[in-house]
Amino acid sequence: MIVIMKVGVGEEAIAAVQEQIEGQGLRTHLSQGEERAIIGIIGDKSVISADNLMRLPGVERIMPVSRPFKLASRDFHPEDTIVRVNECQIGGNQITIMAGPCSVEGEEQFMDIAYSVREAGAHILRGGAFKPRTSPYSFQGMGEEGLQIMAKAREETGLAIVTEIMAPDQLSLIEKYADVLQIGTRNMQNYALLKTVGASRLPVLLKRGLMSTIEELLMSAEYILAHGNPNVMLCERGIRTFETYTRNTLDINAVPVLKELTHLPVIVDPSHATGKWSLVKSASLAGVAAGADGLIIEVHNQPERAMSDGAQSLKPNRFMELMSQLRRVAGAIDRTV
Ligand code: PEP
Ligand code: MN
């Protein structure tokens, strides 16, 4: 249930509504828009009398919210959430580009890629130090050494770092080095991990589970929000379908659907969505045209030697070309890159 206040109502009236709701043992969530405030009610709403609330000064109307996600929903929070990472305002007019290798493999490799993606105009550096691999015999990532290399690249290039956290006990270590925590597709419903990052001060990039519905993605975001972290970005990275030509199927519909349902920024990952570097350009342009607030793209200086995901990684010169095309598509929808 949400309480919609009249235009221009002051703090006192808002506080009185919150007091009445919280007095019944429920929680409130205040969304203060430019014109009016909306107060969300979280908890068992059967104890609340809508008639009593309607009698309070400044209340315009009360609306049921039937969706299971509350804090993530646009009803609760009509304005777009802007997630701030360094100078980037993710979810604003500018489209944020995150780029880098799938895995950090060594200092030379990572620095080289970091400088080339910065030169091309990327805003945030990606790289995995803890890798979720299908086979236990595949490269598992460099661990803390990988994080240290990323931190060095941040120092040298000024770009913020996004990296995956795979388990709750990695939080204190990763928080020392990273600017954004990535939750991988396989962990989208790892509730212990969601609660852990919900308690972190760092923004979270939550990737859609490879067999998860949009609603399940939003319920996972809800866990993070409900545990106190408001800075959540959602990532459409392709879902598993009957199609085998591509690694996954980019659910382009998910972008406008999410923009309708939630105020959280939406990021598209064209690399994992397609699995093939030759398709990354089209998927990236489509993502931006569909309304994504950002992209996360795998770039490698020597894809043929990459220790993970080389087949879907762009070479730096191709990434550079893509950036100039992205600027034009963004311009066509009155956005910038
Ligand atoms: C990655 O970003 O390299 C990754 C493992 O992504 P996903 O969790 O989407 O497969
Ligand atoms: Mn990868």
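Here, every reference points to the structure presented above.
Model, not experiment: these values are computed from the prediction.

Moving on, we come to the sheet that holds strand E13 (residues 266-268). Within the closed barrel, the eight strands sit side by side as E7-E8-E9-E10-E11-E12-E13-E14. Their pairing is parallel. For this sheet, the mean inter-axis angle between neighbouring strands, taken without regard to orientation, is 25°. Pairing of strand E11 (residues 204-207) with strand E12 (residues 232-236), which is carried by four bridges, proceeds in the parallel orientation. Across the sheet, the residue bridging to Leu205 is Met233, located in E12. Seen against the sheet, helix H3 (residues 107-120) touches strand E7 (96-100) and strand E8 (124-126) and runs at an angle of roughly 145° to E8.

Next up on the list: the sheet that holds strand E2 (residues 27-32). Across the sheet, four strands lie side by side as E2-E3-E1-E4; this open sheet has antiparallel pairing. Since the sheet does not close on itself, it has two edges, and those belong to E2 and strand E4 (59-63), each with one partner. Neighbour-to-neighbour, the strand axes of this sheet turn through a mean angle of 20°, independent of strand direction. In terms of strand pairing, strand E1 (residues 2-5) meets strand E3 (residues 37-42) through three bridges, oriented antiparallel. Note on E3: the bridge partner recorded for Ile4 is Ile38.

Right, let's get into the site of ligand 1. Within the structure, ligand 1 sits among 13 residues, and Arg126, Lys131, Thr185, Lys207 and Arg237 are positioned closest to it. Between an oxygen atom of ligand 1 and a side-chain N or O atom of Gln182, the distance comes to 2.9 Å. Note that an oxygen atom of ligand 1 is positioned 3.2 Å from one of the side-chain N or O atoms of Arg186. In the complex, the protein chains occlude 97% of the 290 Å² of accessible area that ligand 1 would expose alone. Of the residues in the shell around ligand 1, the class split is two nonpolar, four polar and seven charged.

This part is about the packing of helix H6 (residues 191-198) against helix H7 (residues 214-226). Direction vectors running N to C along H6 and H7 enclose 45°, while the axes themselves pass 7 Å from each other. Between H6 and H7, the crossing angle belongs to the class labelled oblique. Considering only the axes of H6 and H7, their crossing is right-handed. Where H6 abuts H7, its residues Tyr191, Leu194, Lys195, Val197 and Gly198 lie against Ser220, Tyr223 and Ile224. In the contact of H6 with H7, the residues fall into five nonpolar, two polar and one charged.

For the manganese ion (ligand 2), the protein coordination sphere consists of Cys102 (SG), His272 (NE2), Glu298 (OE) and Asp309 (OD), at 2.0 to 2.4 Å. Mapping the donors of the manganese ion (ligand 2) onto the primary sequence yields the spacing C-x169-H-x25-E-x10-D. With Cys102 in the loop between E7 and H3 and Asp309 in the loop between strand E14 (294-298) and helix H11 (316-332), this residue pair connects regions lying 207 residues apart in the sequence. Judged by relative accessible area, Cys102 falls into the buried class, the value being 3%.

Here we come to helix H1 (residues 11-22). Look at H1: 16 Å from first C-alpha to last across 12 residues, which is about the 16 Å you get at 1.5 Å a residue. Within the sequence span of H1, burial applies to Ala13, Ile14, Val17, Gln18 and Ile21. Considered in projection along H1, the buried side chains sweep an arc of 135° and stay on one side of the axis. Away from its buried face by more than 90 degrees, H1 exposes Glu11, Glu12 and Glu19. Its buried side turned inward, H1 meets E1, E2, E3, helix H2 (50-54) and E4.

Cut-offs used in this document
Residues numbered from 1 in each chain as written. Chains lettered and ligands numbered in written order. Predicted model: local features only at pLDDT ≥ 70, side-chain atom pairs only at ≥ 80, totals over all residues. Heavy atoms only, no water. Pairing = 2+ DSSP bridges. Helix = DSSP H or I, 4+ residues; strand = E, 2+ residues; numbered from the N terminus. Axes fitted to C-alpha atoms, helices over the stretch in contact; angles between N-to-C directions. Contact = heavy atoms within 4.5 Å. Near = heavy atom within 4 Å. Polar contact = N/O pair within 3.5 Å; in protein donor to acceptor, adjacent residues only side chain to side chain. Areas by Shrake-Rupley, 256 points an atom, 1.4 Å probe, with all protein chains shown as cover. Nonpolar A, V, L, I, M, F, W, Y, C, P; charged D, E, K, R; others polar. Parallel < 35°, antiparallel > 145°, perpendicular 65-115°, else oblique. Left-handed = near helix turned anticlockwise from the far one by under 90°. Donors = N, O, S within 2.8 Å, 3.2 Å for Na, K, Ca; no water. Buried < 20%, exposed > 50% of the residue type's maximum accessible area, 1.4 Å probe, protein only. Expected span 1.5 Å × (residues − 1). Arc of directions from axis to C-beta.

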